[in-house]
Amino acid sequence: MTGTVTLVGAGPGDKGLLTTAGAQALARADAVVYDRLVGEDILDLIPPQAEKVSVGKENNHHPVPQHEINDILVRLAREGKNVVRLKGGDCFLFGRGGEECEHLLANHVPFRVIPGVTSALAAPAFAGIPVTHRDFTSSVHIITAHARAGKTLNIDFDSLVRLDGTLVFLMGLTALEQVTDGLLRAGMSPEMPAAVIENGARGTQRKVVSVLSDLAANVRAAGLQSPALIIVGRVCSLSDALDWFTPLPLHGKTVVVTRPRERAGTLADKLRVLGANVIEAPCIETAQRTDTQPLADALQQPHDWAVFTSPAGVPAAVHALRGLGRDLRALYSMKIAVIGKGTAAALAAYGLTADLVPTQYDGEHLAHALVDVMPQGGSTLLLRAEQGGRILPEKLAAAGIQVTDVPLYDTVHRCDKADALRGLLESGKIDAVTFTSVSTVEGFAQAVGAADYKGVTACCIGAQTADAARKYFANVKVSKNATIDDLVACIKEEINNVQ
Ligand code: SAH
């Protein structure tokens with residue numbers, strides 16, 4: 001049976017500006033055909049098993065011609081696939097979405113359209129420019145300023161000037177001088193406020209605001225690049241006063257989040273809210289162990305305390321117990337200690353409350369806290385990664401406590417974005433890298449190899465993580481407490497001071 005093609009507008013780049021319906025369509029996709037302007041974080045939402053087809057134009061590379069894109073969509077749908085056609089911004093605004101729908105219709109392929117947040121509106125919003133305002137104008141017009149190579153623009157500037165509304169030009173950076181000259185020649189005031197916004201609504205946004213007659217020179221001097229749009233109109237005079245985005249504490253800073261994808265969310269979101277350009281580049285993965293014998297053996301003996309040292313350990317224990325035909329009730333006679341709040345929350349998801357959480361969230365403090373409450377000769381069952389730190393079992397053993405260390409999963413160094421990270425590091429574009437465990441440091445170092453870390457701050461949770469980072473980074477900072485909020489505070493403090 002023929003599948004369906006869903007055209008999805010991905011928004012201007014930031015994952016947060018993808019619609020809920022768009023994200024749901026992506027989650028169900030068997031194949032995704034996407035453009036260059038779609039943000040990396042959005043591409044990360046594509047299910048791993050889905051086929052990914054890039055049809056984007058890279059500068060100086062030939063794009064996949066539209067008729068081929070049309071054919072790809074029909075072919076994939078005829079293979080019975082749920083196809084998502086993912087486009088930057090909105091799919092029907094200069095995205096050739098209409099042509100794709102016509103082609104699908106002619107080939108009897110059912111389609112749906114999920115609109116997206118267009119850059120034409122999002123970029124001004126992130127630059128403090130309301131596209132309409134009762135004191136200035138009551139209309140906004142969106143125009144393409146794309147000129148074929150060597151051709152002049154075919155725009156009726158006289159009509160545009162007469163409209164007296166806000167003008168937004170897409171695809172116009174190359175033709176910027178032609179646009180401003182055209183408007184001036186048609187009688188627009190040289191004093192008319194105007195702006196160019198590069199990478200609008202993304203963490204890397206830059207803007208130049210100027211009177212119309214100076215706009216092109218100022219934009220060239222600032223070196224703005226594509227994707228960028230031009231906005232002309234009296235509303236641009238509000239841009240400085242209403243700019244809420246540029247003053248954010250981490251605006252213009254690029255921060256890498258290295259923790260595994262399933263736990264990157266909170267940290268990345270908190271940094272984005274502060275205006276950072278966040279690169280989610282998980283450097284480790286957890287791999288469940290298939291051998292459940294060590295756990296089966298350990299459960300033959302009674303233990304006083306079960307100990308979890310990371311959120312990943314909890315589902316790993318549930319999984320391993322299931323493999324033995326059992327569940328968390330196998331721990332019923334034990335008290336449960338966890339390393340920190342995140343692990344306590346992972347446990348709470350299964351309806352269990354931790355009996356002990358140390359004041360500082362690291363192996364050493366966990367060991368001290370256990371030693372304080374346990375009698376000599378008491379026994380602990382550590383349910384954790386094969387690569388778990390040595391401090392916890394050593395301190396427990398030194399205090400006369402028995403330790404059964406059961407490896408439930410492996411922490412594997414793996415980074416899909418290694419090449420991109422290396423490139424960014426080498427071009428000095430990264431301000432800080434965050435590490436939440438020793439293994440994230442090692443995974444990162446392995447991924448980027450001998451790239452240059454000078455000028456980059458490593459912000460770490462935990463003294464052991466910081467020690468590991470000092471092997472590679474000259475500038476290492478440790479958060480006050482081992483919490484995500486303190487890590488965010490540490491980043492804020494640090495990278496605001498550098499510069
Ligand atoms: N369908 C898209 C527009 C496609 S045309 C939308 O609705 O946004 C491509 C042009 O859009 C680019 O040349 C640039 O002018 C503009 N554009 C896309 N994303 C942008 C962004 N994040 N910031 C500024 N302009 C952007």
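Quantities reported herein were computed from a predicted structural model and do not represent experimental measurements. (Residues numbered from 1 in each chain as written. Predicted model: local features only at pLDDT ≥ 70, side-chain atom pairs only at ≥ 80, totals over all residues. Heavy atoms only, no water.)

### A look at the domain arrangement of the protein chain
- Under the domain assignment, the protein chain is made up of domain 1 (5-117), domain 2 (121-242), domain 3 (254-283 + 414-498) and domain 4 (287-411).
- The C-alpha centroid of domain 3 is placed 36 Å from the C-alpha centroid of domain 2. (Domains from an automatic or database assignment.)

### Some thoughts on the environment of Gly 56
- Among the secondary structure elements, Gly 56 is positioned in the loop between β3 (51-54) and α3 (66-78).
- For Gly 56, a relative accessible area of 17% translates into the label buried.
- Ignoring anything within four residues of it in the chain, the contact list for Gly 56 reads Tyr 34, Asp 35, Arg 36 and Pro 63. (Helix = DSSP H or I, 4+ residues; strand = E, 2+ residues; numbered from the N terminus. Buried < 20%, exposed > 50% of the residue type's maximum accessible area, 1.4 Å probe, protein only. Contact = heavy atoms within 4.5 Å.)

### Concerning the sheet that holds strand β1 (residues 5-9)
- Spatially, five strands are ordered β3-β2-β4-β1-β5 in an open sheet, and the strand pairing comes out parallel. Each edge of the open sheet carries a strand with a single partner, namely β3 and β5 (111-114). Between one strand axis and the next, the sheet turns through 20 degrees on average, direction left out of account.
- Direction of pairing for β1 relative to strand β4 (residues 83-87): parallel, over a ladder of five bridges. Bridging across to β4, Leu 7 finds its partner in Arg 85. (Pairing = 2+ DSSP bridges. Axes fitted to C-alpha atoms, helices over the stretch in contact; angles between N-to-C directions.)

### Let's talk about a nonpolar patch on the surface
- Among the surface-exposed residues, Phe 92, Leu 105, Phe 111 and Val 113 lie close enough to one another that they form a single nonpolar patch of about 370 Å² accessible area.
- In this structure, Val 113 sits in strand β5.
- A relative accessible area of 33% places Val 113 in the partly exposed class. (Patch = residues over 30% accessible without salt bridge, like charges linked within 9 Å, V, L, I, M, F, W, Y side chains within 5 Å. Areas by Shrake-Rupley, 256 points an atom, 1.4 Å probe, with all protein chains shown as cover. Salt bridge = Lys/Arg side-chain N within 4 Å of Asp/Glu carboxyl O.)

### Some remarks on the environment of Ala 345
- Along the chain, Ala 345 falls in helix α12 (residues 341-348).
- Taking relative accessible area as the criterion, Ala 345 reaches 47% and is therefore assigned partly exposed.
- Spatially, the C-alpha atom of Ala 345 lies 9.9 Å from that of Val 314, the residues being 31 residues apart in sequence.

### Some remarks on unusual backbone geometry
- Between Ser 226 and the following residue, Pro 227, the backbone shows a cis peptide bond with an omega angle of 0 degrees.
- For Pro 227, the location among the structural elements is in the loop between α8 (212-222) and β10 (228-232).
- If you check the backbone angles, Arg 96 has positive phi at about 60 degrees while not being a glycine.
- One can find Arg 96 in the loop between β4 and α4 (97-106).
- What makes Arg 96 partly exposed here is its relative accessible area of 44%.
- The phi torsion at Ala 201 lies on the positive side, around 65 degrees, for a residue other than glycine.
- Its relative accessible area of 1% is what places Ala 201 among the buried residues.

### Overview of the sheet that holds β10
- Strand order in the open sheet formed by five strands is β6-β7-β10-β8-β9, with mixed pairing between adjacent strands. Two strands bound the open sheet, and with one partner strand each, they are β6 (140-144) and β9 (206-211). The mean inter-strand angle of the sheet, taken between neighbouring strand axes irrespective of direction, is 20 degrees.
- Sheet analysis places strand β7 (residues 166-170) next to β10, joined by three bridges and oriented antiparallel. Bridge pairing links Phe 169 to Ile 230 in β10.
- Set on the sheet, helix α5 (residues 119-126) makes contact with β6, β7, β8 (193-198) and β10; between it and β10 the angle comes to about 75 degrees.
- Most of the contacts of α8 go to β9, to which it runs at about 150 degrees, and overall it touches β8, β9 and β10.

### A look at the site of the ligand
- Taken together, 18 residues lie around the ligand, and Leu 93, Thr 118, Ser 119, Gly 200 and Ala 228 are the ones closest in.
- Between the ligand and Met 171, the relevant distance is 2.8 Å, taken from an oxygen atom to a main-chain nitrogen or oxygen of the residue.
- Between a nitrogen atom of the ligand and a main-chain N or O atom of Gly 200, the distance comes to 2.7 Å.
- When the ligand is considered free in solution it has 550 Å² of accessible area, and contact with the protein chains removes 92% of it.
- Looking at side-chain class alone, the shell around the ligand contains ten nonpolar, six polar and two charged residues. (Near = heavy atom within 4 Å. Polar contact = N/O pair within 3.5 Å; in protein donor to acceptor, adjacent residues only side chain to side chain. Nonpolar A, V, L, I, M, F, W, Y, C, P; charged D, E, K, R; others polar.)

### Quick look at the pairing of strand β16 (residues 379-385)
- Burial analysis of β16 places seven of its seven residues in the buried class, which makes it a mostly covered element.
- As paired strands, strand β14 (residues 305-308) and β16 are joined by four bridges and run parallel to one another. Bridge assignment links Val 307 to a residue of β16, and that residue is Leu 382.
- By the bridge criterion, seven bridges tie β16 to strand β17 (residues 402-413) in an arrangement that is parallel. Along β17, the bridge assignment pairs Leu 383 with Val 406.
- In this fold, β16 hands off to helix α14 (residues 391-398), which returns the chain to β17; that crossover is right-handed. (Right-handed = clockwise from strand over helix to strand, strands pointing away.)

### Quick look at the packing of aromatic side chains
- If you walk through the whole model with that rule in mind, you get eight aromatic pairs.
- By the ring-pair criterion, three or more aromatic residues cluster together here, those being Phe 435, Phe 444, Tyr 453 and Phe 473. (Phe/Tyr/Trp six-rings, centres within 6.5 Å; stacked < 30°, edge-to-face > 60°.)

### So, the pairing of strand β20 (residues 475-478)
- As defined by bridge partners, strand β19 (residues 457-460) adjoins β20 across four bridges and the pair is classed as parallel. By the bridge assignment for β20, Thr 457 is matched with Asn 475.
- As a crossover connection, the stretch from β19 through helix α17 (residues 463-470) into β20 is right-handed.

### Details of α3
- Compared with an ideal rise of 1.5 Å per residue, which puts 13 residues at 18 Å, α3 spans 18 Å between its outermost C-alpha atoms and is within 8% of the ideal.
- Every buried residue belonging to α3 is among Gln 66, Ile 69, Asn 70, Ile 72, Leu 73, Val 74, Leu 76 and Ala 77, and all of these are buried.
- Its buried side turned inward, α3 meets β1, β2 (31-34), β3, β4 and α4.
- Just beyond α3, the residue with positive phi is Gly 80, at close to 85 degrees. (Expected span 1.5 Å × (residues − 1).)

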